[in-house]
Amino acid sequence: MPTPAAAPGSAPLPAEFHDLAKRVNNWGRWGTDDEIGTLNLLTPEVVREAAATVRTGHRVPLALPLRQDGVQTGLIPGRINPLHTMIAINQQPFGPGTVATSDDAVTMGLQAGTHWDGLAHVSHSGRLYNGRPAASVTAHGGATALGVEKAPPIVSRGVLLDVARVHAAGPPGRLPAEYAIGPEDLDAAEELAGTTVRSGDIVLVRTGQMRHYLAGDRDAYAFPSPGLSLRTPEWFHTRDVAAVANDTLTFEIFPPEIDGLWMPVHALHLVEMGMIQGQNWNLEELAAVCAEAGRYAFFLSAMAEPFVGGSGSPVAPVAVF
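Bear in mind that the values here come from a model prediction, so they are computed numbers and not experimental data.

A few words now on empty space enclosed by the protein. Within the structure shown, the criterion is met by four cavities of 30 Å³ or more. Along its surface, the largest cavity is lined by 15 residues, and Leu39, Leu119, Val148, Ala151 and Ile276 are the ones closest to its centre. When the residues that make up the lining of the largest cavity are grouped by side-chain class, the tally is ten nonpolar, two polar and three charged. Computed from the structure, the second largest cavity encloses a volume of approximately 50 Å³. Taken together, Leu64, Pro65, Leu66, Arg67, Gly70, Val71, Asn81, Pro82, Ala112, Gly113, Thr114 and Tyr213 form the lining of the second largest cavity. Here the lining of the second largest cavity is built from residues that sort into seven nonpolar, four polar and one charged.

Moving on, we get to the sheet that holds strand E9 (residues 202-206). Think of a sheet as strands paired side by side through backbone hydrogen bonds, with each pair either parallel or antiparallel. Strand order in the open sheet made by the nine strands is E1-E15-E13-E7-E9-E11-E12-E4-E14, with mixed pairing throughout. The outermost strands of the open sheet, each flanked by one partner alone, are strand E1 (59-61) and strand E14 (312-314). Each adjacent strand pair in this sheet contributes to an overall mean axis angle of 30°, direction not counted. As judged from the five bridges shared by strand E7 (residues 155-162) and strand E13 (residues 297-301), these two strands associate in the antiparallel manner.

In this model, Phe223 is joined to Pro224 through a cis peptide bond whose omega is -10°. Mapped onto the fold, Pro224 is located in the loop between helix H6 (218-222) and strand E10 (227-228). The linkage connecting Phe254 with the following residue, Pro255, adopts the cis geometry, with an omega of 5°. Mapped onto the fold, Pro255 is located in the loop between strand E11 (243-246) and helix H8 (264-273). A positive phi angle is found at Asn90, which is not glycine, with a value near 50°. Structurally, the position occupied by Asn90 is in strand E2 (residues 83-91). Residue classification places Asn90 among the exposed residues on the basis of a relative accessible area of 56%. Located in the positive-phi region is Leu146, a residue other than glycine, with phi close to 65°.

The residue Glu284 is located in helix H9 (residues 284-293) in this model. Those residues in contact with Glu284 that sit more than four places away from it in its chain are Arg206, Gly208, Arg211, Leu214 and Asp247.

What the rule picks out here adds up to 15 salt bridges. With its nearest N and O atoms 2.9 Å apart, the salt bridge here joins Asp240 to Arg29. Note that Asp240 is positioned in the loop between helix H7 (233-238) and E11 and Arg29 in the loop between helix H1 (15-24) and helix H2 (44-51), a separation of 211 residues in sequence. A salt bridge links Asp162 to Arg206; its shortest N-O distance comes to 2.8 Å. Here the residue Asp162 occupies a position in strand E7, and Arg206 occupies one in strand E9, the gap between them amounting to 44 residues. For the pair shown, Asp162 and Arg206 are each scored as buried. One network of salt bridges, with partners in common, ties together Glu49, Arg157, Arg198 and Asp201.

Right, let's get into the confidence of the model for the protein. In this model, the protein carries a mean pLDDT of 94, and residues with pLDDT of at least 70 account for 95%. In this model, residues 1-7 is a region of pLDDT below 50 whose contacts with residues beyond four sequence positions or in other chains number 15 contacts.

What follows deals with the environment of Gln111. As for its position among the elements, Gln111 is in the loop between strand E3 (101-107) and strand E4 (115-117). Residue classification places Gln111 among the buried positions, given a relative accessible area of 7%. With residues near it in sequence (within four places) discarded, Gln111 still touches Gln72, Arg79, Trp116, Asp117, His121, Asn280, Ser311, Gly312 and Ser313.

Scoring rules and cut-offs
Numbers given for residues are sequential positions, taken from 1 along each chain in its written order. For this predicted model, a pLDDT threshold of at least 70 governs which residues receive local features, and a threshold of 80 or more governs which side-chain atom pairs are given and counted, while totals over whole chains, interfaces and linings are taken from all residues. By convention in this description, side-chain values take in all heavy atoms of the structure and omit both hydrogens and water. Site definitions follow a grid-based scheme: protein atoms alone, a 1 Å grid, a 1.4 Å probe that fits but cannot get out for cavities, and for pockets an open set with protein on both sides within 12 Å along at least five of seven lines, plus lining residues having an atom within 4 Å of a point. Grid points are joined across faces, edges and corners, and a volume is the space filled by probe spheres set on the points. Polar here means any residue other than Ala, Val, Leu, Ile, Met, Phe, Trp, Tyr, Cys and Pro, which are nonpolar, and Asp, Glu, Lys and Arg, which are charged; Gly is therefore polar. For two strands to pair, DSSP has to find at least two bridges joining them. Under the scheme used here, helices are H or I runs from DSSP no shorter than 4 residues and strands are E runs no shorter than 2 residues, and both carry numbers assigned from the N terminus. Whenever a helix is involved, its axis is fitted only over the stretch in contact; in every case the axis is a line through C-alpha atoms, and angles between N-to-C directions fall within 0 to 180 degrees. Here's how the labels work: a residue is buried when its accessible area is under 20% of the maximum for its type, exposed when over 50%, partly exposed in between, all with a 1.4 Å probe on protein chains only. The contact criterion used throughout is that any non-hydrogen atoms of two residues lie within 4.5 Å. Salt bridges are identified by distance alone: a Lys or Arg side-chain nitrogen within 4 Å of an Asp or Glu carboxyl oxygen. For every residue, the predictor assigns a confidence score, pLDDT, that lies between 0 and 100.

Here you go:
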């Protein structure tokens, strides 16, 4: 996506943003050396309660297949879809007639498919989460602080907030393009879910935008896109949510709801709150299962791959009912 420096009509962060930043800031909450932010909320008690949601063992995968014609279209420079190469095909390394092996390699952007944005992914005003200098992300070392490898195992209670289902307008099953999700939408989806989002939950927000990609239209999926508005970070902060993900390329409303203010929700979540966020999660099957079962809370396993110095990570999340 365009960066503030490159985007036409960009401007310095306004006072409105800085006011919001103060209200949701978690710096120092878990100590001055903390590098995992709201993942501290994934306590043993939270995980035990999450495990108690498992009743049938039915599993729903939430990741998109990793493929060369994946969701990336070039809108985000350098974030390439996976390039899959075979480096050995039925080779017999121990001599003729012995066991043969095949090996492969992949080159890809760590945030190319279904992924988590790590805490080093975004900075503003020269700072990362917990006051770390933005300069701690280097060309050779990557994220020398706040690397995605620092994340603990990400398992908790997941809650689907199906905003697309509760929203009356727009195409069936999908929010209108450029729809900015507000706290009132999250409240309505929480009411539909019949559960209260609580401390340590991982919230999945469905917009239905993924339907474009699943129908083969990558460009329509990427832009324009509904997403989380600038009014929602306080909602997640108040509820002590551990992490949040959705079914869009850019996570937040794109183009931005305020002209010239690019990626403010990223900055509030990752920098101020220390809350990781995920994009390109396929929530379509999950939405159908939740609607049929009449339950929108489940056990969620969504562990990041521990790429040392990574600013993000691919993830293959699974919801277990």
